[in-house]
Amino acid sequence: MLLLKTEQKDFQTHFDELLRRGHMDMENVSKIVGGILSEIKTEGNDALKRHIEKFDRWHVENDEALCVTPETMKAAYEALDEQLKKALELAYRRIYTYHEKLMPKSWLDFEDNGTVLGQKVTPMDRAGLYIPGGKAAYPSSLLMNAIPAIVAGVKEIVVCTPAPDNELNPLLLAAMHVCRIEKAYKVGGASAIGAMAYGTQSIPKVDVITGPGNIFVATAKKMVFGEVNIDMIAGPSEIGVLADESANANHLAIDLLSQAEHDEMASSILITPSSEIAEKTREEIEKWLQTLQRKAIAEVSIKERGAIILTRDMDEAVALMNQIAPEHLEIVTSHPFDLLPKIRHAGAIFMGAYTPEPIGDYIAGPNHTLPTGGTAKFYSPLSVDHFLKRSSIISMSKQGIDEIGEACALLAKTEGLGAHEASVKVRLKA
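Residues numbered from 1 in each chain as written. Predicted model: local features only at pLDDT ≥ 70, side-chain atom pairs only at ≥ 80, totals over all residues. Heavy atoms only, no water.

Draft legend 1. View of the sheet that holds strand β2 (residues 67-68). Across the sheet, which stays open at both edges, the six strands sit in the order β2-β7-β6-β5-β8-β9 with mixed pairing between neighbours. The sheet is open, and its two borders are formed by β2 and β9 (229-230), each paired with just one other strand. When β2 meets strand β7 (residues 183-185), the two strands line up antiparallel, connected through two bridges. Across the sheet, Val68 pairs through a bridge with Ala184, a residue of β7. (Pairing = 2+ DSSP bridges. Helix = DSSP H or I, 4+ residues; strand = E, 2+ residues; numbered from the N terminus.)

Structural data, given as structure tokens:
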């Protein structure tokens, strides 16, 4: 694993390369994705069936074969081990409770002159959730995307997930049952994004699409934005760790590998002012790698996109981490909350030695759909807000418009909008 020291002459060159960790060359796939979306838009289910046969290797005999029935979801849930059922239900409750606390409220403000201003918060009618498959199945992603939509009050939730060789992960099906999903489809990739954005004979058009995916999914979401809303453009998973001499190097190593095992493109970066922690963590990573089921993936990620950065002090470490703006940030120091005010950019922040990143992936409560590749500088985690819209409320009394109407008319006149000016003035007192 690459070891960098901020005092070395070529540090900035290497660091700049790390900052490009999540770069996705969408231009190279945009033509392919554009073609897929165009076919879905014009041909609907016929195009979907072709794409499924090509990419997921199974023949769709009829439109009904695209659907995952609630009965199938229920059967998968009932077949689960009791401990797995309890774990799913515990995760559901914790995620639900956390997102309930995020719900904004409608409000009205009454001024003395009779004017009323306010905000009306309304859920979207239909949300589309993309749940990735491929190298791993992610039932947790279903929970993290569906539950905020449920809490927000979305009337209809549509799920699309790839089914390679016409097979779905039983735990994903069980998670759908726990979330009471009624409309789910065995469709993946850019085809699924197009189907939810434009609608087909089987899959209804949605108002918002959320959920992570590969570069084809990310590019498709970017291309349909405007037709529908989206949550964010998510790239490969990543973790940043700030640690001091109090940290356990063995724990740090497996925390870094917990992201590296996701994908060869994943990024794991430790920043510390402790040379002892830097060296020990490096050694522990090599030991842990030999034990991992997904060693081949994690090894590529760690060697090509991982780094340990040795800084002069913790202030320098924090400054570098703010530049990285990681998806997941662990603060493993003797007094982690002392550093919290200094953190400006991170998707989710895990505080202290007993808060490993995976606890947030599954069961803590906050959402694990997070901004990647430095976009935590301007994006926020998936939340109920992504499934809501706000309408401004304005009600002017006669006294109210008399008090501010002249100023309004003057501003309209200055912009050369005579009808705007007159619309206000005809309501003013003589």
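Further notes follow.
Draft legend 2. Molecular detail of the UniProt feature "binding site: Zn(2+)" (unreviewed entry) in the chain. As annotated in UniProt, the feature "binding site: Zn(2+)" (unreviewed entry) corresponds to Gln259, His262, Asp361 and His420 in the numbering used here. Over a stretch of 162 residues, the named residues are scattered through the fold, their C-alpha atoms separated by up to 56.2 Å. Turning to its location among the elements, Gln259 is positioned in helix α10 (residues 249-260). Excluding its chain neighbours within four sequence positions, the residues that come into contact with Gln259 are Ser237, Glu238, Ile239, Ala266, Ser267, Ser268, His328, Glu357 and Asp361. Among the polar contacts listed, one links the side chain of Gln259 to the side chain of Ser237, at a separation of 2.5 Å. Topologically, Asp361 is positioned in helix α15 (residues 357-362). For Asp361, a relative accessible area of 11% gives the class buried. Look past the residues within four positions of Asp361 in its chain and what remains in contact with it is Ser140, Met144, Gln259, His262, His328 and His368. (UniProt positions renumbered as here; feature names shortened; annotations may be inferred. Contact = heavy atoms within 4.5 Å. Polar contact = N/O pair within 3.5 Å; in protein donor to acceptor, adjacent residues only side chain to side chain. Buried < 20%, exposed > 50% of the residue type's maximum accessible area, 1.4 Å probe, protein only.)

Draft legend 3. Main features of the environment of Ala192. For Ala192, the position within the fold is in helix α8 (residues 189-198). Each C-alpha atom, one on Ala192 and one on Ala253, is 37 Å from the other, the two residues being 61 residues apart in sequence. If we ignore the near neighbours within four places in the chain, the residues touching Ala192 are Tyr130, Cys160 and Val187.

Draft legend 4. Just the pairing of strand β12 (residues 306-310), in detail. Most of β12 sits inside the fold, with five of its five residues counted as buried. Of the pairings in the sheet, the one linking strand β1 (residues 2-5) to β12 comprises four bridges and is parallel in character. Along β12, the bridge assignment pairs Leu2 with Ala307. Strand direction decides the pairing type here: strand β11 (residues 267-272) and β12, joined by five bridges, are parallel. By the bridge assignment, Ile269 is partnered in β12 with Ala307.

Draft legend 5. Highlighting the packing of aromatic side chains. According to the stated counting rule, one finds three aromatic pairs in the structure shown. Consider the rings of Phe11 and Phe15, whose centres lie 5.5 Å apart with planes at 20 degrees: the pair is stacked. One end of the pair, Phe11, and the other, Phe15, are both in helix α1 (residues 11-19), four residues apart, so they sit about a helical turn from each other. Given a relative accessible area of 0%, Phe15 falls into the buried group. Relative to Tyr379, the ring of Phe378 lies with its centre 5.2 Å away and its plane at 50 degrees, an arrangement referred to as tilted. Note on Phe378: relative accessible area 61%, which makes it exposed. Judged by its relative accessible area of 31%, Tyr379 is partly exposed. Above the plane of the ring of Tyr77 lies Lys85, whose end atom (NZ or CZ) is 5.1 Å from the centre. (Phe/Tyr/Trp six-rings, centres within 6.5 Å; stacked < 30°, edge-to-face > 60°. Lys NZ or Arg CZ within 6 Å of the ring centre and 35° of its normal.)

Draft legend 6. Representation of the packing of α10 against helix α11 (residues 275-289) in the model. The interhelical angle for the contact between α10 and α11, taken along N-to-C directions, is 55 degrees, at an axis separation of 8 Å. Taken together, α10 and α11 sit at an angle that is classed as oblique. Where α10 crosses over α11, the two elements pack in a sense that is right-handed. Here α10 contributes Ala249, Asn250, Leu252, Ala253, Ile254, Leu256 and Leu257 to the contact with α11, which in turn contributes Ile277, Lys280, Thr281, Glu284, Ile285, Trp288 and Leu289. For the contact of α10 with α11, the per-class residue count stands at ten nonpolar, two polar and two charged. (Axes fitted to C-alpha atoms, helices over the stretch in contact; angles between N-to-C directions. Parallel < 35°, antiparallel > 145°, perpendicular 65-115°, else oblique. Left-handed = near helix turned anticlockwise from the far one by under 90°. Nonpolar A, V, L, I, M, F, W, Y, C, P; charged D, E, K, R; others polar.)

Draft legend 7. A look at the UniProt feature "active site" (unreviewed entry) in the chain. UniProt's entry tags Glu327 and His328 with the feature "active site" (unreviewed entry), counted in the numbering of this structure. Take Glu327: it is sitting in the loop between α13 (314-324) and β13 (328-332). Sequence-distant contacts of Glu327, that is, excluding residues within four places in its chain, are made with Pro236, Ser237, Glu238, Gly347, Ala348, His368, Leu370, Pro371 and Thr372. At 3.2 Å, the side chain of Glu327 forms a polar contact with the side chain of Ser237. The residues contacting His328, other than those within four sequence positions of it, are Ser237, Glu238, Ile239, Gly240, Gln259, Ala348, Phe350, Glu357, Asp361 and Leu370.

Draft legend 8. Geometry of the sheet that holds β1. Read from one edge to the other, the open sheet built from six strands follows the order β1-β12-β11-β10-β13-β14, with strand pairing classed as parallel. Both outer strands of the open sheet, β1 and β14 (348-351), are each paired with one neighbouring strand and no more. If you compare each strand with its neighbour and ignore which way they point, the axes differ by 15 degrees on average. Relative to β14, β13 runs parallel, the two sharing four bridges. Following the sheet pairing, Ile331 is matched in β14 by Met351. Sheet contacts for α11: β1, β11 and β12; angle to β12, the most-contacted strand, approximately 160 degrees. Lying on the sheet, α13 is in contact with β10 (238-243), β11, β12 and β13; it crosses β10 at an angle near 165 degrees.

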